[in-house]
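# Residue-level structure breakdown
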Amino acid sequence: MIKIKGIEKKYIKKIVLKDINFEMNEGSCVGILGGNGSGKTTLLSVLAGILKPDAGQFIYMGRDLLRDKIFRRSTVGLIPQTNPLIEELSAWDNLILWYDKNELLKALKSGVPAMLGIDEFLNVRVSRMSGGMKKRLSIACAVASSPRVLLMDEPSAALDLVCKEHIHNYINAFKKAGGSIILVTHDEGDLKLCTRHYILKNGILEAYIYDGDVHKLVDRIR
Ligand SMILES: Nc1ncnc2c1ncn2[C@@H]1O[C@H](COP(=O)(O)OP(=O)(O)OP(=O)(O)O)[C@@H](O)[C@H]1O
């Protein structure tokens, strides 16, 4: 069981997150929805340890990941909105910054990089890659340490259908293997992968029952 308890965050005087609470089981995917500027990226940044919250806990296996840096590093993976890749380097050279060489060779045959089709563009420089190739490579880098909890910030934004399918297959496999995902998204396809949905609005997180009606969802987010 993963528990997010009482997360609060303000920037100078602007309160962005007010007492955020939710729980999730292993093998599930929680979708965080909300309008632009509602605080979704701030929430993921707090959970990833990039931003310090004003209050709150992120409990996994009874330990607070916000305070236990070493445990957090081996447990949580973040796939940010903007890719963390080095533009001048090839896919291989980026991957080798995250993986041990033998592990990488194995992973390219049967691990996440293989599932995401990265072997097809191993020697291509990041600066010459499409958005979809960069996103797939970012995911492969983020999961090098086999995290049990993945934080994904709009993984499907601006991707074509083939690339979305690669990423959706990966998300499903990750859940099936018992991993947990907190997914910030605006994408209809991503919403279907989520076992539960929440809307973040005016700093408050509320549960939402998504029934496939996007118009209803848009009205609620507005
Ligand atoms: N470093 C910062 N300093 C001050 N205000 C910030 C900072 N980062 C974000 N904000 C403000 O906090 C609010 C939440 O921003 P955040 O990026 O978390 O929203 P979001 O829901 O992820 O938006 P989007 O959907 O556009 O990516 C916004 O009003 C934003 O302007």
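See the structure shown above.
As a starting point, this report considers the structure included with it. This is a predicted model, so every value here is computed, not measured.

## As for the environment of Asp100
With respect to the secondary-structure elements, Asp100 resides in the loop between helix H3 (91-95) and helix H4 (101-110). For the pair Asp100 and Ala144, spaced 44 residues apart in sequence, the C-alpha separation works out to 9.0 Å. There is a polar contact of 3.2 Å between the side chain of Asp100 and the backbone nitrogen of Asn102.

## Section: the packing of helix H6 (residues 131-142) against helix H7 (residues 161-176)
For the pair H6 and H7, the least separation of the axes is 10 Å and the interaxial angle reads 15 degrees. Relative to H7, H6 is oriented roughly parallel. In this structure, H6 crosses over H7, and the sense of that crossing is left-handed. Two secondary-structure elements touch here, H6 through Gly132, Lys135, Arg136 and Ile139 and H7 through Cys163, His166, Ile167 and Tyr170.

## As for the pairing of strand S3 (residues 29-33)
The element S3 is extensively covered by neighbouring structure, given that five of its five residues are classed as buried. Pairing analysis gives four bridges linking S3 to strand S9 (residues 196-201), with the strands arranged parallel. Note on S9: the bridge partner recorded for Val30 is Arg196.

## Some thoughts on the sheet that holds strand S5 (residues 63-64)
Judged by pairing direction, the sheet is antiparallel, and its four strands sit side by side in the order S2-S1-S4-S5 without closing on themselves. Strands with a single pairing partner mark the edges of an open sheet, and in this sheet they are strand S2 (14-24) and S5. As paired strands, strand S4 (residues 55-60) and S5 are joined by two bridges and run antiparallel to one another. Note on S5: the bridge partner recorded for Ile59 is Asp64.

## Thoughts on the pairing of S2
Of the pairings in the sheet, the one linking strand S1 (residues 2-11) to S2 comprises seven bridges and is antiparallel in character. Pairing of Lys10 across the sheet is with Ile15, part of S2. Between S1 and S2, which follow one another and run antiparallel, lie two residues, and Ile12 among them has a positive phi close to 50 degrees.

Rules and cut-offs
Residues numbered from 1 in each chain as written. Predicted model: local features only at pLDDT ≥ 70, side-chain atom pairs only at ≥ 80, totals over all residues. Heavy atoms only, no water. Helix = DSSP H or I, 4+ residues; strand = E, 2+ residues; numbered from the N terminus. Polar contact = N/O pair within 3.5 Å; in protein donor to acceptor, adjacent residues only side chain to side chain. Axes fitted to C-alpha atoms, helices over the stretch in contact; angles between N-to-C directions. Parallel < 35°, antiparallel > 145°, perpendicular 65-115°, else oblique. Left-handed = near helix turned anticlockwise from the far one by under 90°. Contact = heavy atoms within 4.5 Å. Buried < 20%, exposed > 50% of the residue type's maximum accessible area, 1.4 Å probe, protein only. Pairing = 2+ DSSP bridges.

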